[in-house]
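# Close look at the chain arrangement
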Amino acid sequence: MTPLSTPEHQRLSGAGGPEGPLSEAGPWAQWGPYLSERAWGTVREDYSPGGTAWEYFPHDHARSRAYRWNEDGMAGISDVHGRLCLALALWNGRDPILKERMFGLTGNEGNHGEDVKDYWWFTEALPSHALLKWRYHYPQQAFPYGDLVATNRARGRLDPEYELLDTGVFDAGYWIVETTYAKAEPNDILLKVTVRNAGRETDTIHVLPTLWFRNTWSWNPDARLPSISLDGADALVAEHEDLGAWRLEAAPGPDGAMPEPLFCDNETNERAVFGAAGGPDYAKDGINDHVVGGLPTVNPAEEGTKSAWWYRVEVQPGETAEVHLRFRDDSVPDALGVPWSGDVLQAIVHERETEADEFYATLTPADATPEEAAVMRQGFAGMIWSKQYYPYDVNRWLDGDPGQPAPPPERRSGRNADWRSLDAADVMSMPDPWEYPWFAAWDLAFHTVVFAHVDPWFAKYQLLALTREWFMHPNGALPAYEWSFDDVNPPVHAWAALRVHEIAGDDDSRFLERIFHKLLLNFTWWVNRKDSEGNNLFEGGFLGLDNIGPFDRSAALPVAGVLEQSDGTGWMAMYALNLLDMAICLALNDRTYVDMATKFFEHFAYIAEAAYQQGLWDEEDSFFYDQLR
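## What to know about the overall build of the protein chain
A tally of helices and strands in the protein chain yields 15 helices and 23 strands. In summary, the protein chain has a C-alpha radius of gyration of 26 Å against a globular reference of 25 Å for 629 residues, a match within 12%. Each principal axis of the C-alpha atoms in the protein chain carries an extent, and together these give about 80 × 60 × 50 Å. Counting the 629 residues in the protein chain, one finds 56% classified as buried. Of the contacts made within the protein chain by residues no fewer than 6 positions apart, 72% connect residues no fewer than 24 positions apart. Of the roughly 25600 Å² that the protein chain leaves accessible, carbon and sulfur atoms contribute 51%.

## Quick word on empty space enclosed by the protein
Inspection of the entire model under this criterion finds seven cavities of 30 Å³ or more. Roughly 110 Å³ of internal volume is contained in the second largest cavity. Lining the second largest cavity are Glu71, Asp72, Gly73, Ala87, Leu88, Ala89, Glu100, Arg101, Thr210, Trp212, Lys284 and Lys306. For the lining of the second largest cavity, the elements supplying multiple residues, two or more each, are strand S3 (84–91) and strand S10 (203–213). When grouped by side-chain class, the residues that make up the lining of the second largest cavity number four nonpolar, two polar and six charged.

## Describing the pattern of salt bridges
Here the idea is simple: oppositely charged side chains can pair when their charged atoms come close. Enumeration over the complete set of coordinates arrives at 36 salt bridges. Linking Asp330 and Arg247 is a salt bridge whose minimum nitrogen-to-oxygen distance equals 3.9 Å. Taken together, the positions of Asp330 in the loop between strand S17 (320–329) and helix H7 (342–361) and Arg247 in strand S13 (residues 244–250) put the pair 83 residues apart, joining distant regions of the chain. One network of salt bridges, in which partners are shared, links Glu8, Arg11, Glu351, Arg352 and Glu355.

## A short note on the side chain of Thr179
Relative to the assigned elements, Thr179 resides in strand S8 (residues 174–185). For Thr179, a relative accessible area of 2% puts it in the buried group. Aside from chain neighbours lying at most four places away, what touches Thr179 is Ala75, Leu88, Leu132, Lys133, Trp134, Leu191, Lys192 and Val193.

## Focus: unusual backbone geometry
If you check the backbone angles, Glu302 has positive phi at about 55° while not being a glycine. In this model, Ser622 sits at a positive phi of 50°, which is unusual for a non-glycine residue. Of note, Ser622 is situated in the loop between strand S21 (617–618) and strand S22 (623–624). Under the relative-accessibility criterion, Ser622 is labelled partly exposed at 47%.

## Examining the sheet that holds strand S7 (residues 131–139)
Across the sheet, nine strands lie side by side as S6-S7-S8-S9-S17-S13-S12-S11-S15; this open sheet has antiparallel pairing. This sheet does not close on itself; its edge strands, each paired only once, are strand S6 (119–125) and strand S15 (303–304). Where strand S11 (residues 227–231) and S15 come together, two bridges link them in antiparallel fashion. Within the sheet, the bridge partner assigned to Ile228 lies in S15 and is Gly304. Of the strands in this sheet, S6, S7, S8, strand S9 (188–197) and S17 are in contact with H7, which crosses S8 at around 85°. Along the sheet, helix H8 (residues 370–385) contacts S6, S7 and S8; its crossing angle with S6, the most-contacted strand, is approximately 100°.

## Here's the deal with the nonpolar core
Here is a general trend for soluble globular proteins: nonpolar side chains tend to be buried in one another's company. Among the nonpolar cores identified, the biggest contains 177 residues, and Trp134 and Val195 are the most heavily contacted of them. Per-element tally for this core: the top contributor is helix H14 (residues 566–587), with eleven residues. Residues contacting Val195, with those up to four places away along its chain left out, are Trp175, Ile176, Val177, Ile205, Val207, Val313, Val315, Glu319, Thr320 and Ala321.

## Quick word on the sheet that holds strand S14 (residues 260–264)
Judged by pairing direction, the sheet is antiparallel, and its six strands sit side by side in the order S1-S2-S3-S10-S16-S14 without closing on themselves. Of all strands in the sheet, those with a lone pairing partner are strand S1 (31–32) and S14, marking the two edges. Bridge count between S1 and strand S2 (residues 74–79): two bridges; the pairing is antiparallel. Residue pairing across strands places Trp31 opposite Asp79, the latter belonging to S2. Where helix H6 (residues 286–293) meets the sheet, its contacts fall on S3, S10, S14 and strand S16 (306–315), and the angle it forms with S14 comes to roughly 135°.

## Side note on the side chain of Asp393
By the element assignment, Asp393 lies in strand S18 (residues 387–393). Of the buried charged residues, Asp393 lacks a salt bridge, with Arg396 as the closest side chain of opposite charge at 5.6 Å. A polar atom in the side chain of Asp393 sits 3.2 Å from the backbone nitrogen of Asn395. Apart from residues no more than four positions distant in its own chain, Asp393 is found in contact with Trp69, Leu422 and Asp423.

## Re the environment of Pro259
Along the chain, Pro259 falls in the loop between S13 and S14. Given the relative accessible area of 7%, Pro259 is considered buried. Excluding residues that lie within four positions of it along the chain, Pro259 makes contacts with Ala250, Ala251, Trp309, Trp310 and Tyr311.

## Considerations on the packing of H14 against helix H15 (residues 593–613)
The interhelical angle for the contact between H14 and H15, taken along N-to-C directions, is 160°, at an axis separation of 8 Å. Accordingly, the angle class assigned to the pair H14 and H15 is roughly antiparallel. Regarding H14 and H15, the two cross each other, and that crossing is left-handed. Here H14 contributes Thr569, Met572, Ala573, Ala576, Leu577, Leu579, Leu580, Ala583, Ile584, Leu586 and Ala587 to the contact with H15, which in turn contributes Tyr593, Val594, Met596, Ala597, Phe600, Phe601, Phe604, Ile607 and Ala611. Tallied by class, residues from the contact of H14 with H15 come to 19 nonpolar, one polar and no charged.

The rules behind these values
- Residues numbered from 1 in each chain as written.
- Predicted model: local features only at pLDDT ≥ 70, side-chain atom pairs only at ≥ 80, totals over all residues.
- Heavy atoms only, no water.
- Helix = DSSP H or I, 4+ residues; strand = E, 2+ residues; numbered from the N terminus.
- Rg over C-alpha atoms; globule rule 2.2 N^0.38 Å.
- Buried < 20%, exposed > 50% of the residue type's maximum accessible area, 1.4 Å probe, protein only.
- Contact = heavy atoms within 4.5 Å.
- Areas by Shrake-Rupley, 256 points an atom, 1.4 Å probe, with all protein chains shown as cover.
- 1 Å grid on protein atoms, 1.4 Å probe; cavity = no way out; pocket = protein on both sides within 12 Å on 5 of 7 lines; lining within 4 Å.
- Points joined across faces, edges and corners; volume = space filled by probe spheres on them.
- Nonpolar A, V, L, I, M, F, W, Y, C, P; charged D, E, K, R; others polar.
- Salt bridge = Lys/Arg side-chain N within 4 Å of Asp/Glu carboxyl O.
- Pairing = 2+ DSSP bridges.
- Axes fitted to C-alpha atoms, helices over the stretch in contact; angles between N-to-C directions.
- Core = buried A, V, L, I, M, F, W, Y, C linked by side-chain atoms within 4.5 Å.
- Lys, Arg positive; Asp, Glu negative; His and termini not counted.
- Polar contact = N/O pair within 3.5 Å; in protein donor to acceptor, adjacent residues only side chain to side chain.
- Parallel < 35°, antiparallel > 145°, perpendicular 65-115°, else oblique.
- Left-handed = near helix turned anticlockwise from the far one by under 90°.

In structure tokens:
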């Protein structure tokens, strides 16, 4: 089999040009693992006066409070614009809340900063999302939320972190939960949830595949309200003005009984969160309160904007049970051609698994051991599962929404106040979908080099999107990361573009030319804004060793002067060389770029000479040092 002839390669070949919108990414990309794993505690959801994001929207609010910008869940997927979400909720029968999202400590609770306290793995993924697998270990006893917070809060920085395993909660048994999505067609997705009882006693786990709409209507007065309703005994139908109608069809559980449909609304429980009167009758936490507490908080009319199938699954020790569902576009003829069943689902899963073997065989070095091949494959799975839909209109975030209370005036001179031009609504590669559920500019550049091996379209799209006018500042700066777009990350994007171009091997000079012109703007910003003395030595901020140093170089200096950074200067020398290489590549087909190649060779020489002649180089130590002037 030739490298580009596998079924997965054929699926990926249906994408349009990477400069187009996400809707041109090809039909297989329209649904994927784009649902974030954490939306609480993020900058976008923070409307506090002092920018205290962790405290303003804590984990305890997440089940009850509608998000303004994003959504989160476990093992979740969504459409490419994050409008309709499907994820997994669980309950062990003992927890005080449903397990709808991963739990972790905030930056102020953990003795080593923010820290997730759950265990899960991304075990398999194809870049088209035709196959996605996820695994989670869930204690059978009550999850020790309070113990984790109290014990870590009492520990100092020199103490180890107190982890979930340290609590002993797994000693009494746990559930091994595995979720598999397998697409029969781009808009026909089969879902298998497998639960294994790794305990000593027969026990019951509650499995709640949950379907809901991201709340866009509360912030946009003209938005039409979508709806989810019951169709017969086995289908939830979600209707949206742009998406049309989608069905989440449930098969009987392992005991032969149909699951129970539950409905509420993705609206804030005003009483629970703010102690206010009124609010919706069946709020966002309605399913939680009904399952855990038996309260009448689900809509008896069987309609809403959030819904779930409630399976009660009893499993003997060491045994395994499965839950099967199908999620599909109701406007498209049935692609299966036969009534769907567990056997049909298993056959499609097996077919996609075989295709995944074929696809990754083309990427595995001939001398790789089976263990090395497995590490590579799961590494790619982690990258693919970390794609997230990222919406953030900074201008509207600063000023507030129509008909809503105005944000505190302090924010207009606070975080990201100079980035009103940033208006993101893209699928981006995240450093980590729980700890860092936002893009970071230089992390993203390295991600694209990895993605170039499995999905060159997505790799190119990431670089082009980051340099588009809705991300790049009008002055040519690239946004660093959500906590401070003003910070400065190493300029590695020209290097990444060259590597993506090389790895893709498709001679896509159009991509190289588009990114070259945008990087010219960014290079010029560096020269004009980060060389304050005009001497070809550069300042910056968050530029080396992940900002580990004697002091925070992103903050104002503790003394008067300018810190000329050896690493910042080195990055700029590299930037000039990368743009030189790019200009040479483009000059092979267009002699206009010869002048640009000369320009960047000259600029590299200026920077290199300055580094040696103006005090950064120490001959005795054979090392470059920062200079405080």
